[in-house]
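# Geometric and topological summary
For reference, the chains in residue letters:
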Amino acid sequence: MRIPDVMRWSLRQRFFRFVAKARVVLNLDVWFPQIPMALAVGLLGGLAILNALPRLTRIFPELAGLAPSASLTQAPLLSALGTVPEAIVGIVLLLMAIGLLFRSRFSWAITLMLAAAMLAMLLHHYGFVWSGVVAYNAAILMALLVFRRHFAHTSVAAGTLFAAISILLLMSYAVLGSYVLGAGFSPPIMNLVNALYFSVVTMSTVGYGDIVPKSEDARIFVISIIILGITVFATSISAVVVPLVNGRMQRLLMGEKRRSHRSHYLIIGDNALAQNTYRALRARHLSALVLVPVHPERLWMATEDLMIGDATDLDVLRRAGAQYALGVLALRANDSENAFIILAARELGVSGKTVAAVQNAKHLERLRQIGVDLIISPEVLGGELLALALSGENLAGDVIIHKLFTAKAEGAEI
């Protein structure tokens, strides 16, 4: 049975239809790409930690002989800390992998920066020799850029994770720095407990004055933890509070956020033809969105596949993703409304197929002239087929297909 050229799909349209069908069959919206990306980033973090472990063990002998000093140049441990950044990057990547599972935009941004930083460190260490780890890191960096639109959630969980990591890193920096430069304070900071006490008092801006920096390096260090403390605490509070407030305000002012629609079929109408078309598409695991002017009395589609609005309004068609649809199906009972819908879709520049239902055979030629890809008239077609059956003529599949597509191919009444 030969399909008319009017309904033949281009290679691009076939690809997008295959992707849309695979997305539904494999349920990709639930687990892709966040789960593969989280596993890949977690593995990258683990590789970074494993690569840094042998060199980190060399630091422990230095820790045993570490004593507070008044200047950074007198601290022997600093020469052995070259591998610490790589280990820290690995640990943070493991934590960010958890945020990627929730499609967190913050986790995506931090992972992108850390992956770029780690790639730079690897290239610096190995030169421009592309080892397996370097290629793997580069692949993750490219995947993060490709799937950037999938990580757009701003959640309280991600903000809390950011706050916890930031405060933990700042506290570690403050305690270690206070202890290393302990001889530059009055009285000297000689143990980690006093270093922790001084760090908390300084970052909270309480400043009891019982421990005072005396050396130049100690004063510069105190300035740094005061500035960092204010910045980290302010941004941490914002990271937790802002998503919570934004989410509530969005639900209050705009209602629940709907999912974006791409590579789907936009069905416009609330009648038997629209209902049967929707069920047939869903049975073939194809995505469909039903656009109707008012809420139907009885839901015959999934709630997430329903949209209320005027299909002749370009803004409504944009929100329905008409420009990304595989097909725009104007199936209302009024021929004039279907014509205006197709004209609006043409004005929007839809790339998918356009279909219009016709009730009156007199309107077939006018609809053909506005550039509809397929005009279907169930009543006229039913009458033709009934006449063929009663007259004893051939009802082969080619004849039915010819009758179905005659309106577009020849401009005749089907």
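What you see is a predicted model, and the numbers here were worked out from it, not measured in a lab.

## A short note on the side chain of serine 263
With respect to the element layout, serine 263 can be found in the loop between α10 (216-253) and β3 (265-268). Here serine 263 falls in the buried class, since its relative accessible area comes to 13%. Excluding residues within four positions of it along the chain, serine 263 makes contact with Phe16, Ala20, Ser287, Tyr324 and Leu326.

## Regarding the UniProt feature "transmembrane region" (unreviewed entry) in the protein
This chain's UniProt record puts "transmembrane region" (unreviewed entry) on residues 35-54, 75-100, 106-123, 128-147, 159-182, 189-208 and 220-245. The span residues 106-123 carries 100% helix and 0% strand; its end-to-end C-alpha distance comes to 26 Å. Along residues 189-208 the backbone is 60% helical and 0% strand, and the end-to-end C-alpha distance reaches 15 Å.

## So, the confidence of the model for the protein
Close reading of the predicted structure is inappropriate where its pLDDT is low. The share of residues in the protein with pLDDT of 70 or more is 77%, and the mean pLDDT across the chain is 79. The least confident element of the protein is helix α16 (residues 397-409), whose mean pLDDT is 55; the most confident is β3, at 96. Within the model, pLDDT remains below 50 along residues 407-414, and this stretch shows 28 contacts once partners closer than five positions in the same chain are excluded.

## Regarding helix α11 (residues 272-283)
Its twelve residues give α11 an end-to-end C-alpha distance of 16 Å, which sits within 8% of 16 Å, the value for a rise of 1.5 Å per residue. Within α11, burial applies to Ala274, Gln275, Thr277, Tyr278 and Leu281. An end-on view of α11 places all buried positions within 165° of arc, on one side of the element. Away from its buried face by more than 90 degrees, α11 exposes Ala272 and Ala283. On its buried face, α11 sits against β3, β4 (288-292) and β6 (327-330). The residue sitting at the N-terminus of α11 and contributing the capping side-chain oxygen is asparagine 271; that oxygen lies 3.3 Å from the backbone nitrogen of leucine 273. Positive backbone phi, approximately 60°, marks histidine 285, located one or two places after α11.

Criteria and cut-off values
Residues numbered from 1 in each chain as written. Predicted model: local features only at pLDDT ≥ 70, side-chain atom pairs only at ≥ 80, totals over all residues. Heavy atoms only, no water. Helix = DSSP H or I, 4+ residues; strand = E, 2+ residues; numbered from the N terminus. Buried < 20%, exposed > 50% of the residue type's maximum accessible area, 1.4 Å probe, protein only. Contact = heavy atoms within 4.5 Å. UniProt positions renumbered as here; feature names shortened; annotations may be inferred. pLDDT = per-residue confidence, 0-100. Expected span 1.5 Å × (residues − 1). Arc of directions from axis to C-beta. Polar contact = N/O pair within 3.5 Å; in protein donor to acceptor, adjacent residues only side chain to side chain.

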